[in-house]
Amino acid sequence: MANIWITGADGQLGKALREKHFNPLDELFFTDREVDITDPRAITDFANKNDVDTIINCAAYTNVDRAEDHEQDARAVNRDGVANLAALCREQGNLLVHLSTDYVFDGETNAPYHERHATNPLSAYGRTKRDGELAIRRSGCLHLIIRTSWLFSSTGDNFPRAILRLAAERDELRVVNDQTGSPTFAGDLADAILRLLSVDELPEYQGIYHYANAGSCSRYDLAREILALSGSTCRVIPVTTAELPARAPRPPYSVLDSRKIRDAFGLEIPDWRDALRRCFG
Ligand SMILES: NC(=O)c1ccc[n+]([C@@H]2O[C@H](COP(=O)([O-])OP(=O)(O)OC[C@H]3O[C@@H](n4cnc5c(N)ncnc54)[C@H](OP(=O)(O)O)[C@@H]3O)[C@@H](O)[C@H]2O)c1
């Protein structure tokens with residue numbers, strides 16, 4: 001039995017976790033902005049009041065383009081807020097499960113990234129997330145850091161939902177064909193997190209893991225797949241990132257190799273197309 005606190009619980013992953021069946025003996029606490037992770041006293045008070053022993057940190061500054069012009073704001077949450085949670089977990093002997101991102105990598109490769117690959121973020125968002133990882137590792141708290149990629153769910157801001165919205169307004173969409181990654185269903189990631197929490201001897205497993213749905217595609221492929229699923233007749237035109245620049249640079253290739261988490265925890269990781277169908281079909 002554990003007292004599990006899920007922060008950032010109104011986001012995509014937090015909502016997915018709300019729908020899952022945890023161990024019925026666990027006590028669950030879901031918070032979002034009302035317990036600000038950048039406020040050390042607020043998090044300590046909350047953890048003490050509820051006798052928390054496990055934190056799943058889904059709270060993050062996730063607007064990649066906005067972070068480019070507001071790096072301090074992103075750092076306050078993604079590095080300093082995470083450092084606050086890590087210090088609390090270190091002090092109280094608690095487990096911190098934390099989410100990070102494929103954007104810690106620069107994408108200058110064409111083989112899936114494993115956990116030991118050197119990070120080199122291109123964007124402000126990626127830097128602040130990388131610094132959050134480092135803060136956890138330096139804190140010495142018991143931790144599992146899970147990097148994921150191209151997260152989607154039936155709610156919130158995500159790429160498939162943006163494509164569906166735009167396709168309803170236009171006959172034609174231009175989508176980049178030179179960014180490759182692994183779309184990941186928040187529901188599948190939530191299942192994986194539950195599986196992690198269920199193992200005995202968790203301290204032996206601490207470290208960094210990659211979790212993404214199996215397979216990979218370009219943004220263009222993903223747009224075509226979601227529109228085909230929805231029956232949309234909107235045309236999709238492949239373009240390059242140079243033709244359709246965004247505020248923040250993205251890695252051209254950020255496929256994550258999820259074999260470590262799969263083998264360590266005996267996970268079956270569904271293909272991204274199957275995941276997309278289960279989410280939007
Ligand atoms: N989305 C992706 O494509 C993606 C890809 C790779 C990795 N990840 C990582 O996966 C994790 C979950 O992502 P997600 O898509 O579920 O994120 P999300 O939907 O943006 O949810 C994050 C939640 O945290 C809240 N929050 C922000 N600052 C906070 C603070 N100081 N204190 C407490 N709560 C705060 C947000 O509130 P507001 O909405 O009011 O800001 C939001 O409800 C994050 O660590 C993210 O970096 C995401």
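For the structure, check the block above.
Remember, predicted model here, so these are calculated numbers, not experimental data. (Residues numbered from 1 in each chain as written. Predicted model: local features only at pLDDT ≥ 70, side-chain atom pairs only at ≥ 80, totals over all residues. Heavy atoms only, no water.)

Regarding the environment of F30
Now for step 1: Along the chain, the position of F30 falls in strand β2 (residues 27–30).
Now for step 2: Residues F30 and I6, spaced 24 residues apart in sequence, show a C-alpha to C-alpha distance of 4.9 Å.
Now for step 3: The residues touching F30, leaving out its near neighbours within four places in the chain, are I6, A9, G14, L17 and R18. (Helix = DSSP H or I, 4+ residues; strand = E, 2+ residues; numbered from the N terminus. Contact = heavy atoms within 4.5 Å.)

Re the pairing of strand β5 (residues 142–148)
Now for step 1: Burial within β5 is extensive, with six of its seven residues counted as buried.
Now for step 2: Where strand β4 (residues 95–101) and β5 come together, seven bridges link them in parallel fashion. Bridge pairing in β5 links V97 to L144.
Now for step 3: Handedness of the crossover is the feature at issue here: the chain leaves β4, passes through helix α5 (residues 124–139), returns alongside β5, and the resulting connection is right-handed.
Now for step 4: As paired elements, β5 and strand β10 (residues 207–210) share four bridges and run parallel to each other. Opposite I145, over in β10, you have I208 as the bridge partner. (Buried < 20%, exposed > 50% of the residue type's maximum accessible area, 1.4 Å probe, protein only. Pairing = 2+ DSSP bridges. Right-handed = clockwise from strand over helix to strand, strands pointing away.)

Some thoughts on the pattern of salt bridges
Now for step 1: The full count for this structure, using the stated rule, is 15 salt bridges.
Now for step 2: One salt bridge in this structure joins D10 and R18, with 2.8 Å as the shortest N-O distance.
Now for step 3: Across the pair D188 and R278 runs a salt bridge whose closest N-O atoms are separated by 2.8 Å. With D188 in helix α7 (residues 186–197) and R278 in helix α10 (residues 272–280), this residue pair connects regions lying 90 residues apart in the sequence.
Now for step 4: Taking the relative accessible area as the measure of exposure, D188 reaches 6% and is therefore buried.
Now for step 5: By relative accessible area, which is 41% here, R278 ends up partly exposed.
Now for step 6: One salt-bridge network, held together by shared partners, links E71, R75 and R127. (Salt bridge = Lys/Arg side-chain N within 4 Å of Asp/Glu carboxyl O.)

The values are spatial; any link to function lies outside them.
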